[in-house]
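Listed below, chain by chain, are the residues.
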Amino acid sequence: GVEWLLRQRIEDDVIHATDAEFRAVAFFYQHCIATIALCEAHVAGGAVEAWQAPIQSAVDYIHQHRNPYGCWRYQKWGGDNDVSATLWGTLAVLAARDAGFQGDCKMALQYVASYLEEMTDASGRTGYETKGSFSARLSEAHASAFPADRGEALTAAALLMRFAMGQDPKSSPMISPG
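In short, a report on the structure. (Residues numbered from 1 in each chain as written. Predicted model: local features only at pLDDT ≥ 70, side-chain atom pairs only at ≥ 80, totals over all residues. Heavy atoms only, no water.)

**Some thoughts on the packing of helix α5 (residues 105-119) against helix α7 (residues 153-164)**
Relative orientation of the contacting elements α5 and α7 amounts to 145°, with a least axis distance of 11 Å. The handedness of the crossing between α5 and α7 comes out as left-handed. Taking contact as the criterion, the partners of Val112, Leu116 and Glu117 in α5 are, on α7, Ala158, Met161 and Arg162. Per-class residue counts for the contact of α5 with α7 are four nonpolar, no polar and two charged. (Axes fitted to C-alpha atoms, helices over the stretch in contact; angles between N-to-C directions. Helix = DSSP H or I, 4+ residues; strand = E, 2+ residues; numbered from the N terminus. Left-handed = near helix turned anticlockwise from the far one by under 90°. Contact = heavy atoms within 4.5 Å. Nonpolar A, V, L, I, M, F, W, Y, C, P; charged D, E, K, R; others polar.)

**A few points about the pattern of salt bridges**
Applying the stated criterion to the full structure yields six salt bridges. The salt bridge involving Arg162 is made with Glu117; its shortest N-O contact spans 2.9 Å. Of this pair, Arg162 sits in helix α7 while Glu117 sits in helix α5, and the two are 45 residues apart along the sequence. Three or more residues are tied together by salt bridges with common partners; here these are Arg73, Asp80, Asp82 and Glu129. (Salt bridge = Lys/Arg side-chain N within 4 Å of Asp/Glu carboxyl O.)

**A short note on the packing of aromatic side chains**
Applying the stated criterion across every chain, the model contains two aromatic pairs. Arranged with centres 5.6 Å apart and planes meeting at 80°, the rings of Tyr29 and Tyr74 form a pair that is edge-to-face. Here Tyr74 lies in the loop between α3 (49-65) and α4 (83-99) and Tyr29 lies in helix α2 (residues 20-44), a separation of 45 residues in the sequence. Plain terms: the ring middles of Tyr69 and Tyr111 are 6.4 Å apart, the flat faces sit at 80° to each other, and that makes the pair edge-to-face. Here Tyr69, found in the loop between α3 and α4, pairs with Tyr111, found in helix α5; they are 42 residues apart in sequence, far enough to count as distant. (Phe/Tyr/Trp six-rings, centres within 6.5 Å; stacked < 30°, edge-to-face > 60°.)

**Remarks on the nonpolar core**
Counting residues in each nonpolar core, the largest one holds 45 residues, and the members touching the most others are Cys39, Ile55, Trp72, Val83, Phe101, Val112 and Met165. Put simply, the parts of the chain that give this core at least two residues each are α1 (2-7), α2, α3, α4, α5 and α7. When residues of this core are assigned to their parent elements, the largest contribution, ten residues, is made by α4. Sequence-distant contacts of Phe101, defined by excluding residues within four places in its chain, comprise Cys39, His42, Gln52, Ile55, Gln56, Val59 and Ala96. (Core = buried A, V, L, I, M, F, W, Y, C linked by side-chain atoms within 4.5 Å. Buried < 20%, exposed > 50% of the residue type's maximum accessible area, 1.4 Å probe, protein only.)

Encoded structure:
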């Protein structure tokens, strides 16, 4: 599986599907998830030397993709952030750090922590692109089948990031007790 993932690297060491339409909207997710898997395999497999350089390249891309003084969005340095893309970037950075790969993990996680505070309202709801907003929907049919106001995927994503970074979500200044 690791060898197959490493063969998927295309253009600037990005790991993604070859389908152009799917790649256009989801390549950053794919790259991050593949990088997480590669970092985990690296640790489980006893740090195979042949994997180190390509995995480091995958990790480097994630750090380079992050907005300067911010987090992640689908496009490199797009200037804005969103919680969904930031979830996968954060988990990949943490996996890379735990596997011993190089990168400015500390700074990236500081921006993530600040961004989560910015995006979380007093009730604890974390928004997609604005404080407390609902998740995005791909189409009207998608929105009808899965009403945005009935899901808390981004709040769950923020909690996962907080836990993964070692934070106590209850201690967040933005979240009121109860």
